[in-house]
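# Results of the structural survey
Here's the letter readout for the chains.
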Amino acid sequence: QEWLRPFVQDRRFRQAVSLTLDRKRMIREVFAGDGVPSQIAPAEDRPYYEDRFACHNAEYDPERSNRLFNDLGICYKKEEDTVRYFPNGEKAELEMVYYLVTPMAEEAVQFFQKSLRKAGISLKITRLKNGAQMGAYQVRNRHIFSVWEMPGDDPFIPYQIGGLSDPCPLYWKWYE
């Protein structure tokens, strides 16, 4: 879906999606209170850590998210609609591909799906059997979101699975 590319590349779209997620609630309900609400960013013990990286658009702000979606033309057609539409008339549906990297991944995916649904975005979910299957989606650019936890690893060094970086194969190629 080439028409979707400009939206995904627009930082306002990514910010709007990020602002739909109540990370504090997710940590409390899905991860039993273990974790810190943040973006993927260097851990505090890294020399290049900056609080502004971890906190940037990591707050829960559905009103701002709504404004950003509206600014992008991703709107409800009628007041009573529960799903938004892209300017070309396509239903606002995104795709997430994942596999169980942790036992909580299933709950995290469902939490994210509910969060987006409240914002009028439908999320199609595809659960893979294992990480080896992810490569087929990566090389076709067929997924937008993936589920992962950041246990303090260095986010500037891409994670590699079978020659592909999850989720950025071109970055891995550049890194090598």
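Here, every reference points to the structure presented above.
Here, residues in each chain are numbered from 1, in the same order as that chain's written sequence. For a predicted model such as this one, the threshold for reporting local features is a pLDDT of at least 70, and the threshold for listing and counting side-chain atom pairs is 80 or more; totals across whole chains, interfaces and linings nevertheless cover every residue. Side-chain measures were taken over the full set of non-hydrogen atoms in the model, leaving aside hydrogen atoms and water.

## Details of the packing of helix 2 (residues 11-19) against helix 5 (residues 62-71)
Axes, fitted as lines to C-alpha atoms, cover a helix only where it is in contact. Angles between the N-to-C directions of the axes lie from 0 to 180 degrees. Numbering goes from the N terminus for both helices and strands, where a helix is a DSSP run of H or I of at least four residues and a strand is a run of E of at least two. One can describe the packing of helix 2 onto helix 5 by two numbers: an axis separation of 8 Å at closest approach and a directional angle of 150°. Overall, the two elements helix 2 and helix 5 adopt an arrangement that is roughly antiparallel. Judged by the sense of rotation from one axis to the other, the crossing of helix 2 with helix 5 is left-handed. Residue-level contacts link Arg12, Phe13, Gln15, Ala16, Val17 and Leu19 of helix 2 to Pro62, Arg64, Ser65, Leu68, Phe69 and Asp71 of helix 5. Taken together, the residues of the contact of helix 2 with helix 5 sort by class into seven nonpolar, two polar and three charged. Angle categories: roughly parallel below 35 degrees, roughly antiparallel above 145, roughly perpendicular from 65 to 115, and oblique for all the rest. For any helix crossing, the convention is left-handed if the near helix is rotated counterclockwise from the far helix by under a right angle, and right-handed if that rotation is clockwise. By definition in these notes, contact holds between two residues if any of their heavy atoms fall within 4.5 Å. Ten residue types, Ala, Val, Leu, Ile, Met, Phe, Trp, Tyr, Cys and Pro, are classed as nonpolar, four, Asp, Glu, Lys and Arg, as charged, and the remainder, Gly among them, as polar.

## A short note on the pairing of strand 2 (residues 122-127)
Taken residue by residue, a regular strand's side chains alternate between the two faces of the sheet. Here, strands pair whenever DSSP counts at least two bridges between them. Pairing between strand 1 (residues 93-98) and strand 2: six bridges, direction parallel. By the bridge assignment, Tyr98 is partnered in strand 2 with Arg127. The definition of a right-handed crossover adopted here requires that, viewed with the strands pointing away, the path from the first strand over the helix to the second runs clockwise. For the segment spanning strand 1, helix 6 (residues 105-118) and strand 2, crossover handedness is right-handed.

## Regarding the environment of Leu116
With respect to the secondary-structure elements, Leu116 resides in helix 6. Think of it in three bands: residues with accessible area under 20% of the maximum for their type are buried, residues over 50% are exposed, and the middle band is partly exposed, with areas taken using a 1.4 Å probe on protein chains only. Residue Leu116 is classed as buried on the basis of its relative accessible area of 0%. Put simply, Leu116 and Leu19 are 97 residues apart on the chain and 9.7 Å apart in space, counted from C-alpha to C-alpha. Ignoring anything within four residues of it in the chain, the contact list for Leu116 reads Val17, Thr20, Ile121 and Leu123.

## A few points about the packing of aromatic side chains
Each Phe, Tyr or Trp ring, with Trp reduced to its six-membered ring, pairs with another whose centre is within 6.5 Å; inter-plane angles below 30 degrees give stacked pairs, above 60 give edge-to-face pairs, and intermediate values give tilted ones. A complete count under the given rule lists three aromatic pairs for this structure. Here Trp3 and Phe86 contribute two aromatic rings whose centre-to-centre distance is 5.0 Å and whose plane-to-plane angle is 70°, an arrangement assigned as edge-to-face. Of this pair, Trp3 sits in the segment before helix 1 (5-9) while Phe86 sits in the loop between helix 5 and strand 1, and the two are 83 residues apart along the sequence. Members of the aromatic cluster, each reached through a chain of ring pairs, are Trp3, Phe7 and Phe86. The ring of Tyr85 has Lys77 sitting right over it, with the charged end atom 4.3 Å from the ring centre. The rule is short: NZ of Lys or CZ of Arg within 6 Å of the ring centre and within 35 degrees of the ring normal puts a charge over the ring.

## Some points on helix 2
Taken together, the buried positions of helix 2 are occupied by Phe13, Gln15, Ala16, Val17, Ser18 and Leu19. Tucked inside the fold, the buried residues of helix 2 contact helix 1, helix 3 (23-29), helix 5, strand 1 and helix 6.

## Some remarks on the environment of Tyr76
Positionally, Tyr76 belongs in the loop between helix 5 and strand 1. Along the chain, Tyr76 and Gly120 lie 44 residues apart, while their C-alpha atoms are 7.7 Å from each other. Residues within four places of Tyr76 in sequence aside, it is in contact with Asn66, Asp81, Thr82, Val83, Arg84, Lys118, Ala119 and Gly120. Whenever a nitrogen or oxygen atom comes within 3.5 Å of another N or O atom, the pair is scored as a polar contact, on the condition that within protein one atom can donate a hydrogen and the other can accept it, and that pairs from neighbouring residues in sequence are kept only if both atoms are in side chains. Polar contacts involving the side chain of Tyr76 include one to the main-chain carbonyl oxygen of Ala119, which spans 3.4 Å.

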